[in-house]
Amino acid sequence: MIADHLQHVRQQIVQACQQAGRVPEAVTLLAVSKTFGADAVREAYAAGQRAFGENYIQEAVDKIAALQDLPLQWHCIGPIQSNKTRLVAEHFDWVHTIDRLKIAQRLSEQRPTDKPALNVCIQVNIDSGPTKAGVPPEEALALAKAVAALPRLHFRGLMTIPEPAPDFVAACAVHARARALFDALNEAGLQLDTLSMGMTQDMEAAIASGSTMVRVGTAIFGGRPPLRPASA
Ligand SMILES: *Cc1c(COP(=O)(O)O)cnc(C)c1O
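Residues numbered from 1 in each chain as written. Predicted model: local features only at pLDDT ≥ 70, side-chain atom pairs only at ≥ 80, totals over all residues. Heavy atoms only, no water.

## So, the packing of aromatic side chains
Overall, the coordinates contain 2 aromatic pairs when judged by the stated rule. With a centroid separation of 5.5 Å and 25° between ring planes, the pair formed by Phe-36 and Phe-221 is classed as stacked. With a gap of 185 residues between them, Phe-36 in the loop between strand 1 (28–32) and helix 2 (38–46) and Phe-221 in helix 9 (residues 218–221) connect regions that are remote in the sequence. Both residues of the pair, Phe-36 and Phe-221, count as buried. Relative to Trp-74, the ring of Phe-52 has its centre 5.7 Å away and its plane inclined at 40°; by these criteria the two rings are tilted. Taken together, the positions of Phe-52 in strand 2 (residues 51–54) and Trp-74 in strand 3 (residues 73–76) put the pair 22 residues apart, joining distant regions of the chain. (Phe/Tyr/Trp six-rings, centres within 6.5 Å; stacked < 30°, edge-to-face > 60°. Helix = DSSP H or I, 4+ residues; strand = E, 2+ residues; numbered from the N terminus. Buried < 20%, exposed > 50% of the residue type's maximum accessible area, 1.4 Å probe, protein only.)

## Examining the pattern of salt bridges
Under the criterion given, the structure shown has 6 salt bridges. With a shortest N-O distance of 3.0 Å, Asp-69 and Arg-42 are connected by a salt bridge. Of this pair, Asp-69 sits in the loop between helix 3 (57–66) and strand 3 while Arg-42 sits in helix 2; the two residues are 27 residues apart in sequence, bridging distant segments of the chain. Salt-bridge contacts for Arg-179 lead to Asp-183; the nearest nitrogen and oxygen are separated by 3.2 Å. Of this pair, Arg-179 and Asp-183 both sit in helix 7 (residues 168–187), separated by 4 residues, roughly a single helical turn. For Arg-179, a relative accessible area of 25% puts it in the partly exposed group. Using a relative accessible area of 29% as the deciding quantity, one classes Asp-183 as partly exposed. Here the residues in one salt-bridge network are Glu-54, Glu-59 and Lys-63, joined through shared partners. (Salt bridge = Lys/Arg side-chain N within 4 Å of Asp/Glu carboxyl O.)

## Notes on the environment of Leu-150
Take Leu-150: it is sitting in the loop between helix 6 (140–148) and strand 6 (153–159). Expressed as a C-alpha distance, the spacing of Leu-150 and Leu-101, which sit 49 residues apart in the sequence, is 9.8 Å. Residues in contact with Leu-150, not counting those within four places in the same chain, are Leu-101, Ala-104, Gln-105 and Ser-108. (Contact = heavy atoms within 4.5 Å.)

## Some points on the site of the ligand
Around the ligand sit 13 residues, and of these Lys-34, Asn-55, Thr-200, Thr-218 and Arg-224 come closest. Contact distances for the ligand include 2.7 Å between an oxygen atom and a side-chain N or O atom of Asn-55. In the model, a nitrogen atom of the ligand is placed 2.9 Å from a nitrogen or oxygen of the Arg-215 side chain. Protein coverage of the free-state accessible area of the ligand, which is 390 Å², stands at 91%. (Near = heavy atom within 4 Å. Polar contact = N/O pair within 3.5 Å; in protein donor to acceptor, adjacent residues only side chain to side chain. Areas by Shrake-Rupley, 256 points an atom, 1.4 Å probe, with all protein chains shown as cover.)

## So, helix 2
For helix 2, the full list of buried residues reads Ala-38, Ala-40, Val-41 and Ala-44. Taken end-on, helix 2 shows its buried residues confined to a sector of 160°, consistent with a single buried face. Exposed side of helix 2, more than 90 degrees from the buried face: Asp-39 and Ala-46 are the residues found there. Looking at the packing, one finds that the buried side of helix 2 touches helix 1 (2–20), strand 2, helix 3, strand 3 and helix 9. Gly-48, located one to two residues past helix 2, shows a positive phi value of around 100°. (Arc of directions from axis to C-beta.)

Have a look at this one:
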């Protein structure tokens with residue numbers, strides 16, 4: 001089941017890349033396993049998936065512990081409160097949701113010395129969405145410079161979660177703004193290789209617009225309960 005879904009999503013990525021004139025290797029698939037158990041992750045691993053995204057810190061830490069026998073890469077894609085930075089610094093390989101310097105500083109200070117630098121992306125509120133998570137685009141450069149200077153972090157790029165768009169063209173228009181910001185930061189001398197954007201509903205539009213990492217949950221693991229208390 002999960003193996004079939006993964007296969008299908010990979011085909012969609014290849015097709016979207018072909019249509020955009022991009023090589024399929026330019027886009028990494030992050031499997032978003034939030035709310036699904038360790039068994040589902042094992043199934044995806046058996047089907048070749050290595051990178052997994054989680055939103056809720058405590059749930060993720062338990063899952064990571066249960067899966068320690070597998071060589072997996074864990075990405076934190078949920079909001080991080082100050083009192084959770086140590087858990088994140090100790091257990092994850094990537095963080096996509098940096099939206100203030102204080103959280104980045106704590107992650108850098110708390111990153112264990114026996115682990116490589118923590119890979120991080122800055123979350124940008126590209127469409128001023130009502131969730132308000134992420135920095136406004138005009139603040140991204142200053143935050144990126146400050147984050148890139150932190151010793152135990154490896155600054156990788158930008159992440160966005162735009163509001164659902166009515167159609168493909170509208171989705172591309174929003175994603176193109178993120179891509180333009182990504183390019184502008186690179187031109188400003190920062191070294192970005194990751195643009196984390198696109199989910200089950202808009203991954204084709206995101207790839208057409210230059211995403212390098214799509215975060216896909218539903219299309220791989222199935223539907224989630226509509227509401228979940230934010231335990232992060
Ligand atoms: C849940 C989630 C996803 C995956 O969403 P799907 O629509 O299930 O593919 C991607 N990114 C973030 C930040 C999420 O919270």
